[in-house]
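Spelled out, the chains give:
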There are 2 protein chains.
Amino acid sequence: MTNLTNRQIKLAARPVGMVKPSDFALATEPVAQPGPGEVLVKVQYISLDPAMRGWMNEGRSYVRPVGVGEVMRAGGIGRVIATDDSSIAVGDTVTATTGVQDYALVKAADVVKVDPRAAPLPRYLGVLGMPGLTAYFGLLDIGRPTPGETVVVSAAAGAVGSVVGQIAKMKGCRTVGIAGGADKCRSVIEEFGFDAAVDYKQEDVRKKLREHCPNGIDIYFDNVGGPILEAALANLACKARVVLCGAISQYNATRDDLRGPRNYMALLVNRARMEGFVVFDYAARYAEAARAMAGWIAEGKLKAREDIVDGIETFPQTLLKLFRGENLGKLVIRVSND
Amino acid sequence: MTNLTNRQIKLAARPVGMVKPSDFALATEPVAQPGPGEVLVKVQYISLDPAMRGWMNEGRSYVRPVGVGEVMRAGGIGRVIATDDSSIAVGDTVTATTGVQDYALVKAADVVKVDPRAAPLPRYLGVLGMPGLTAYFGLLDIGRPTPGETVVVSAAAGAVGSVVGQIAKMKGCRTVGIAGGADKCRSVIEEFGFDAAVDYKQEDVRKKLREHCPNGIDIYFDNVGGPILEAALANLACKARVVLCGAISQYNATRDDLRGPRNYMALLVNRARMEGFVVFDYAARYAEAARAMAGWIAEGKLKAREDIVDGIETFPQTLLKLFRGENLGKLVIRVSND
């Protein structure tokens, strides 16, 4: 392995406000051999997630921050090319927290073997990966939909939102998706089967939600925060549930610009709850979710879309694409073709 | 009754921002006889509540707004002096939504008979009335305390907060009360038995909560909103519950000044929920709560304090006292001595 070179995207500085390319640096180093219990993965795809912005900040969160000078954290999928653990063989395809790099040395205990013939690899980072699991547990465990209820989802064309809408529909709910731009709104309805779409870039979200949800919103699955969260709170039904999954509109805000929902007392008036969750807490039930999702995909009930960008070196720019809402579907970088 | 004069405090204008005396007007009218199914109550005490500010606003809430020109809504207690319903006799003491006036004509079905010898009358507007019920259901049903947990309460010297702290203590919790000023903080500890008090007028609430809650806050019972809510969110324990009972710091804010908790994503990081409730939803269980509260009072486990101001004509000024946090204990106006 010593003749292989590992390109790595490292965190060069803690961003202030919107992340910028100079917050990252490209470095190279020789590839090391796996030690006992480790495997070496040749990374094929990495996942770009809104949560990455939080990992770049100092301070307490649900995972420790990425240190300045460390390889940027990322989920990835790739092929094992060396192993020092009997449970994983050379040639296995695995998902793992690989980081943004060509080669990742990871503990065998921390990788998950997947079948590369069962689905295109990027799908294991989307509907069959963390975003899919996030949608599944967030909607079903925190939102607890019942047939006939109205479910509103923000970032509805995204990796999590598109799955939330499709599962809600399978559970007998009426679904309204909020997305930015005509293309995404078309995809929300035609591809992901939502009953209605609201284009937050062109329409008055509060007013449109009132039109599309005449009996109020029973479940609001929030990926964005900011004024769209306020618009949803203004239209809650009695006993509504607001599932806090993310707040992409706020992740790049400086502390002084952070915005809380000014009408949060709508939770009181409507006897509603707003609840956060972290998908990692459901590890013991991943298999249950993966089985359900794979079944729905096989039956054609659950559709997925990936937005694939080539080249690890594009990472800083591609991450910006995510925060600008320019991706359609699960955003991944193809690191290698083989 | 025609020779009796009824003084009434009416809503004269919808307040903008902080309520002011000119938003009310004193009027008089002759007292009318009860019609079929009605009773006439001579009001002895009325309750002053933060929620009153919300009732003065136009627009949808959990009860309809008070109309301009109408008698200001208030809970009260008094003696029946005329009746046209067989279920209520002259001389009965009853609680009802009397409004801010000397005499109230109310439906017999809407009054609750109480025993004037079992407790001082103002207590039926405090710990034995809506504030007590609010504390009971909010803490037990929404907060769901378990022994050993840490419960933080804002407005801890107030009508609701003081009861929340005492019930939490009975349920085996550690209790921290937030109140304004040394007198209130002393009362929080010495009178209401909290384990610790934080004086928000003198101390850094966020820092003090961190000191007093080394394992984080399991239940935060919020009566105030604003920066104190943010300080509590910054100190949540995993799986915390934030009980939204009120937001007195926000009730007099104009729309542009309204403030949501900027760090609401602490709910996600801590897998926590924030939930609102309205005490009226628990009407079917009022008797259960009243029995429990009366029992605790009899055993000396639940203490109550009332802040009594004389004279219905003081209502506009006395209401301001509430919003300035100048009352210690349940604020009531004595309308009449007999």
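These numbers come from a predicted model, not from an experiment. (Residues numbered from 1 in each chain as written. Chains lettered and ligands numbered in written order. Predicted model: local features only at pLDDT ≥ 70, side-chain atom pairs only at ≥ 80, totals over all residues.)

Student: Account for the overall build of chain A, with residues named and values stated.
Tutor: Within chain A, the regular secondary structure consists of 9 helices and 15 strands. On C-alpha atoms alone, chain A measures out to a radius of gyration of 20 Å, which is about the 20 Å that the 2.2 N^0.38 rule sets for 338 residues. Across its three principal directions, the C-alpha atoms of chain A cover 65 × 45 × 35 Å. Relative to its 338 residues, chain A shows a buried fraction of 50%. Taking the intrachain contacts of chain A between residues at least 6 apart in sequence as the baseline, contacts between residues at least 24 apart amount to 66%. (Helix = DSSP H or I, 4+ residues; strand = E, 2+ residues; numbered from the N terminus. Rg over C-alpha atoms; globule rule 2.2 N^0.38 Å. Buried ≥ 20, exposed ≤ 12 C-beta atoms within 10 Å, placed from the backbone. Contact = placed C-beta atoms within 7 Å.)

Student: Requested: an account of helix 8 (residues 286–298) of chain B, with residues and values cited.
Tutor: Its 13 residues give helix 8 of chain B an end-to-end C-alpha distance of 18 Å, which sits within 8% of 18 Å, the value for a rise of 1.5 Å per residue. The first or second residue beyond helix 8 of chain B is G300(B), which carries a positive phi of 75 degrees. (Expected span 1.5 Å × (residues − 1).)

Student: If you had to explain the nonpolar core to someone new, which residues and values would you point to?
Tutor: Membership of the largest hydrophobic core comes to 210 residues, with the highest contact counts inside it found for V41(A), V152(A), V41(B) and V152(B). If near-sequence neighbours (up to four positions away) are discounted, V41(A) is found in contact with G78(A), R79(A), V80(A), V94(A), A96(A), T98(A), Y103(A), A104(A) and V106(A). (Core = buried A, V, L, I, M, F, W, Y, C linked by C-beta atoms within 7 Å.)

Student: Help me get a handle on the domain arrangement of chain A, residues and values and all.
Tutor: Residues and elements named next belong to chain A. Looking at chain A, the domain boundaries give domain 1 (5–123 + 305–334) and domain 2 (130–280). For domain 1 versus domain 2, the separation of C-alpha centres amounts to 28 Å. Contact residues are listed per partner, giving 15 residues for domain 1 and 15 residues for domain 2. Residue composition of the side of domain 1 that touches domain 2, by class: 7 nonpolar, 5 polar and 3 charged. (Domains from an automatic or database assignment. Nonpolar A, V, L, I, M, F, W, Y, C, P; charged D, E, K, R; others polar.)

Student: Explain helix 3 (residues 161–170) of chain B to me, and be specific about the residues and the numbers.
Tutor: All names here are of chain B. Counting buried positions along helix 3 gives 8 out of 10 residues, so the element sits mostly inside the fold. Of the residues making up helix 3, those classed as buried are G161, S162, V163, V164, G165, Q166, I167 and A168. Tucked inside the fold, the buried residues of helix 3 contact helix 2 (130–143), strand 8 (150–154), strand 9 (174–179) and strand 11 (217–222). Looking one or two places after helix 3, you find G172, whose phi comes out positive at around 85 degrees.

Student: Give me the lowdown on the packing of helix 2 of chain B against helix 3 of chain B, citing residues and values where you can.
Tutor: Residues and elements named next belong to chain B. Two elements in contact, helix 2 and helix 3, have axes separated by 8 Å at closest approach and are oriented at 45 degrees. By the angle between their axes, helix 2 is oblique relative to helix 3. Note that helix 2 runs across helix 3; the crossing there is right-handed. Across from P131, G132, A135, Y136 and L139 in helix 2, the residues of helix 3 making contact are V163, V164, I167 and A168. The residue inventory of the contact of helix 2 with helix 3, partitioned by class, reads 8 nonpolar, 1 polar and no charged. (Axes fitted to C-alpha atoms, helices over the stretch in contact; angles between N-to-C directions. Parallel < 35°, antiparallel > 145°, perpendicular 65-115°, else oblique. Left-handed = near helix turned anticlockwise from the far one by under 90°.)

Student: So what's going on with the relation of the copies chain A and chain B? Which residues, and what values?
Tutor: The second copy of the chain is related to the first by a rotation about an axis and a shift along the axis. Of the two same-sequence chains, chain A is brought onto chain B (RMSD 0.0 Å, axial shift 0.0 Å) by a rotation of 180 degrees. What the rotation and shift describe, once combined, is the action of a two-fold rotation axis. If distances are taken from each C-alpha of chain A to the rotation axis, the shortest is found for G260(A), at 2.2 Å. (Least-squares fit on C-alpha atoms with pLDDT ≥ 70 in both.)

Student: Report on the packing of helix 2 of chain B against helix 8 of chain B, specifying residues and quantitative values.
Tutor: Residue and element names in this part refer to chain B. Running from N to C, helix 2 and helix 8 point in directions that differ by 100 degrees, and their axes come no closer than 10 Å. On the basis of their axis angle, the class for helix 2 and helix 8 is roughly perpendicular. Together, G132, L133, Y136 and F137 of helix 2 and Y286, A289, A292 and M293 of helix 8 make up the contact between the two elements. Split by residue class, the contact of helix 2 with helix 8 holds 7 nonpolar, 1 polar and no charged.

Student: If you had to explain the interface of chain A and chain B to someone new, which residues and values would you point to?
Tutor: Listed per partner, the contact involves 24 residues of chain A and 24 residues of chain B. Going through the elements one at a time, helix 7 (266–269) and strand 13 (273–276) of chain A are the ones with two or more residues in the side of chain A that touches chain B. Counting residues per element, the side of chain A that touches chain B draws most heavily on strand 13 of chain A, which supplies 4 residues. Split by residue class, the side of chain A that touches chain B holds 14 nonpolar, 4 polar and 6 charged. Pairing geometry for strand 13 of chain A and strand 13 (residues 273–276) of chain B, over 3 bridges, is antiparallel. In the strand pairing of strand 13 of chain B, E275(A) is matched with R273(B). (Pairing = 2+ DSSP bridges.)

Student: Pulling in residues and values, what's your account of the sheet that holds strand 12 (residues 236–244) of chain B?
Tutor: Taken together, the 12 strands give an open sheet; going across it, the order is 10(A)-9(A)-8(A)-11(A)-12(A)-13(A)-13(B)-12(B)-11(B)-8(B)-9(B)-10(B), and neighbouring strands pair in mixed fashion. Two strands in the sheet have a free side with no partner beyond their single neighbour: strand 10 (196–199) of chain A together with strand 10 (196–199) of chain B. The average angle at which neighbouring strand axes cross in this sheet is 15 degrees, direction not considered. With 3 bridges joining them, strand 8 of chain B and strand 11 of chain B adopt parallel strand pairing. Bridge pairing links V151(B) to I219(B) in strand 11 of chain B. Against the sheet, helix 5 (residues 205–212) of chain A engages strand 8 (150–154), strand 9 (174–179), strand 10 and strand 11 (217–222) of chain A, with an angle of about 170 degrees to strand 10 of chain A.

Student: Outline the pairing of strand 10 of chain A, listing residues and values.
Tutor: Here is the key point about a regular strand: its side chains alternate between the two faces of the sheet. Residues and elements named next belong to chain A. In the sheet, strand 9 pairs with strand 10 via 4 bridges, with the strands oriented parallel. Within the sheet, the bridge partner assigned to V176 lies in strand 10 and is A196. Between the parallel elements strand 9 and strand 10, the chain passes through helix 4 (residues 182–190) in a crossover that is right-handed. (Right-handed = clockwise from strand over helix to strand, strands pointing away.)

Student: I'd love a proper account of unusual backbone geometry, names of residues and values included.
Tutor: The backbone of R144(A) shows a phi angle near 50 degrees, a positive value even though the residue is not glycine. Among the structural elements, R144(A) can be located in the loop between helix 2 (130–143) and strand 8. Even without being glycine, A155(B) reaches a positive phi, approximately 50 degrees. Tracing the backbone shows A155(B) in the loop between strand 8 and helix 3.

Student: So what about the pairing of strand 9 of chain A? Which residues, and what values?
Tutor: Residues and elements named next belong to chain A. By the criterion of burial, strand 9 is predominantly enclosed, with 5 of the 6 residues buried. Pairing between strand 8 and strand 9: 5 bridges, direction parallel. Following the sheet pairing, V151 is matched in strand 9 by T175. Following the backbone out of strand 8, through helix 3 (residues 161–170) and into the adjacent parallel strand 9, one traces a crossover that is right-handed.

Student: Mind laying out the environment of T318(B), listing which residues take part and the relevant values?
Tutor: Residue and element names in this part refer to chain B. As for its position among the elements, T318 is in helix 9 (residues 315–323). When the 21 C-beta atoms within 10 Å are taken as the criterion, T318 is described as buried. When the C-alpha atoms of T318 and P21 are compared, they prove to be 9.8 Å apart, with 297 residues separating the residues in sequence. T318 has contacts with L48, V309, L331 and I333, leaving out every residue within four places of it along the chain.

Student: With reference to specific residues and values, describe the environment of K303(A).
Tutor: All names here are of chain A. The topology assignment puts K303 in the loop between helix 8 (286–298) and strand 14 (306–310). Residue classification places K303 among the partly exposed positions, given that 16 C-beta atoms sit within 10 Å. With 110 residues separating them in the primary sequence, K303 and G193 have C-alpha atoms 9.2 Å apart. The contact partners of K303, leaving out residues within four places of it in the chain, are Q166, E191 and F192.

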